[in-house]
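What follows is each chain in one-letter form.
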Amino acid sequence: MPGYSPVNSKLLQVPVGPGQEVYSKRGAMLAYTGAVRFAPTTTAGAGIGGAVRQRMAGESTPLMHVTGQGSVMFGHHGLHVEVVDLQGDTLYVEADRLLVYDASLQSGTMFLGEQGGLSGVVRGQMTGQGLFTTTLTGHGSCALLSHGGVVQLPVQPGRAVYVDPQAYVAHRGQIQNKLHTALGLRDLIGRGSGEGFQLELTGQGVVYVQASERKL
Amino acid sequence: MNGPRMLAVDLMGETIRALNGSMVAYEGQMQFKRQGMTGGEGLMGAVRRRVAGESVTLMEITGQGTVYLAHEATEVNLVPLQGDTLLVESESLLALDGQLRTGVQFTGLRGVTTGQGLATTKVEGHGTVAILSDGPAIALEVVQGQPLSVDPQAYVAHRGQLQQDFVTDVNWRTMLGQGSGESFQLRFSGHGLVYIQPAERGDGLGAEV
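Computed from a predicted model, the values in this text were never measured in an experiment.

Trainee: Hey, could you run me through the packing of aromatic side chains in this one?
Mentor: The geometry of an aromatic ring pair is captured by the separation of the ring centres together with the interplanar angle, meaning the angle of the planes. Scanning the model with the defined rule gives five aromatic pairs over all chains in all. Relative to Phe38(A), the ring of Tyr32(A) has its centre 5.3 Å away and its plane inclined at 65°; by these criteria the two rings are edge-to-face. Residue Tyr32(A) is classed as partly exposed on the basis of its relative accessible area, which comes to 40%. Residue Phe38(A) is classed as partly exposed on the basis of its relative accessible area of 26%. Chaining the aromatic ring pairs together yields one cluster made of Tyr162(A), Tyr26(B) and Phe32(B).

Trainee: Please clarify how the confidence of the model for chain A should be interpreted in this entry.
Mentor: With 74% of its residues at a pLDDT of 70 or more, chain A has an overall mean of 81. When pLDDT is averaged over each element of chain A, strand E2 (residues 11-16) of chain A comes out on top at 94 and helix H3 (residues 185-188) of chain A at the bottom at 56.

Trainee: Just to check I follow, could you spell out the nonpolar core for this structure?
Mentor: For soluble globular proteins, the rule of thumb is that nonpolar side chains tend to be buried together. Ranked by internal contacts, the top residues of the largest apolar core, which has 21 residues, are Leu7(B), Phe32(B), Ile61(B), Val67(B), Leu69(B) and Leu94(B). Among the elements of the structure, strand E1 (7-19), strand E2 (23-34), strand E3 (58-69), strand E5 (93-97) and strand E7 (119-133) of chain B are those that each provide at least two residues to this core. Of all the elements, E1(B) adds the most residues to this core, at six residues. The contacts of Val67(B), once residues within four sequence positions are left out, are Leu7(B), Ala8(B), Val9(B), Leu11(B), Met23(B), Ala25(B), Tyr26(B), Met30(B), Phe32(B) and Ile61(B). Residues Leu201(A), Val207(A), Val24(B) and Ala25(B) belong to the second largest nonpolar core, which totals 20 residues.

Trainee: Even after reading the chapter, I still don't get the interface of chain B and chain A, so can you show me in this structure?
Mentor: The interface of chain B with chain A comprises 25 residues on the first partner and 30 residues on the second. Summing both sides of the interface, chain B and chain A together bury roughly 2400 Å²; the carbon and sulfur share of this comes to 50%. Our count for the chain B to chain A interface comes out at one salt bridge. Residues Glu27(B) and Arg159(A) are paired through a salt bridge, measuring 2.6 Å at the closest nitrogen-oxygen approach. On inspection of chain B and its partner chain A, the count reaches five residue pairs in polar contact (both at pLDDT 80 or more). A per-element tally of the side of chain B that touches chain A places E2(B) first, with nine residues. Partitioning the side of chain B that touches chain A into residue classes produces 13 nonpolar, seven polar and five charged. Pairing geometry for strand E11 (residues 161-163) of chain A and E2(B), over three bridges, is antiparallel.

Trainee: Sorry if this is basic, but what is going on with unusual backbone geometry here?
Mentor: A negative phi angle is the norm for most residues apart from glycine, just as the trans form is the norm for most peptide bonds. Residue and element names in this part refer to chain B. A positive phi angle, near 50°, is found at Glu72, a position not held by glycine. Looking at the element boundaries, Glu72 is found in the loop between E3 and strand E4 (75-88). Not every positive phi belongs to a glycine, and Ala73 is a case in point at roughly 60°. With respect to the helices and strands, Ala73 occurs in the loop between E3 and E4.

Reading guide: rules and limits
Residues numbered from 1 in each chain as written. Chains lettered and ligands numbered in written order. Predicted model: local features only at pLDDT ≥ 70, side-chain atom pairs only at ≥ 80, totals over all residues. Heavy atoms only, no water. Phe/Tyr/Trp six-rings, centres within 6.5 Å; stacked < 30°, edge-to-face > 60°. Buried < 20%, exposed > 50% of the residue type's maximum accessible area, 1.4 Å probe, protein only. pLDDT = per-residue confidence, 0-100. Helix = DSSP H or I, 4+ residues; strand = E, 2+ residues; numbered from the N terminus. Core = buried A, V, L, I, M, F, W, Y, C linked by side-chain atoms within 4.5 Å. Contact = heavy atoms within 4.5 Å. Buried area = accessible area lost by both parts, 1.4 Å probe. Salt bridge = Lys/Arg side-chain N within 4 Å of Asp/Glu carboxyl O. Polar contact = N/O pair within 3.5 Å; in protein donor to acceptor, adjacent residues only side chain to side chain. Nonpolar A, V, L, I, M, F, W, Y, C, P; charged D, E, K, R; others polar. Pairing = 2+ DSSP bridges.

If you want it as structure tokens, here you go:
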């Protein structure tokens, strides 16, 4: 199965054919060749229940179902595009950072409280990520949007990585994350270093970090 | 370096100074401390900085491990200094070695019209400075007898024995609003290097997406 091929760092070419259907952010198509159809979708393969969950979770980004035979180019707002290949593992990502993903991947919504209980909820609120995040599981490819490109930082047992919540893009693998505060007296009096909160990622996996503090 | 837009700094207990809030990730043990009002320049330095409007908020980073710094997806350029002086716009400064000294240099008239304030930041000593540019910065060499003129909004930094003065090309067309948009330039003469970026700062350094 031919995969996603980046035209440049901000433009992605995706082949579409029978058995090779994708979901993409609505309106992110820039050009296509062949007989390709774009159908707006609200369920995105997650079923009605999934759609309701997404809507309630605020993790619903308008998506479209791309089918047919041909090749489509995707891009969004001049943001950098990073292709991630999944082999049976799970990617955790914010819904609005997903540009395009294979229909063969199962998407779901995860309540942050499932990971860390109350502190997960607090973390979601503090970092502006909301209470839910989107998961993609299975075999296939997906493409992430970032401002300024991403770097992959490996996380290993005994080697925790701390990430600015605004620069966090996605992670995969067996990773626990929790909110790490480094607040001092100076922050309370408005003279902080601007690095009061970080996500602490521990376990085994990879975290994707963008080169900017800008949320999408 | 870790790609053109992210700077990775390995620390073994030493201290660096970086733009407030520019940390995107780190491994190991790190401490972040905002610098006081004086920023290591003493009381007079702080007063001068306040007067000049060249305020830059830096934080001190100390620890063991690797820290990743980035700012608004602008590109990072490393400039090694060996005892010489780099003059840089405060908003283009990302990080610098702890041994480097910073100060304020008054530049006179040009800042007023270019909206960059009356002064610029001076970095001197031995060490490495990371400067930000919107797009990859290039260094242009200035030699004796061949002055270089640059757009003030594309200017990032300069070093060496350079005098700068302000060139205006204002004529009646400009007055009528029919100017070419290139009415003001900075002219550098002497011997040294000038760093420019391939973008013109309209409203701050932030690249629009």
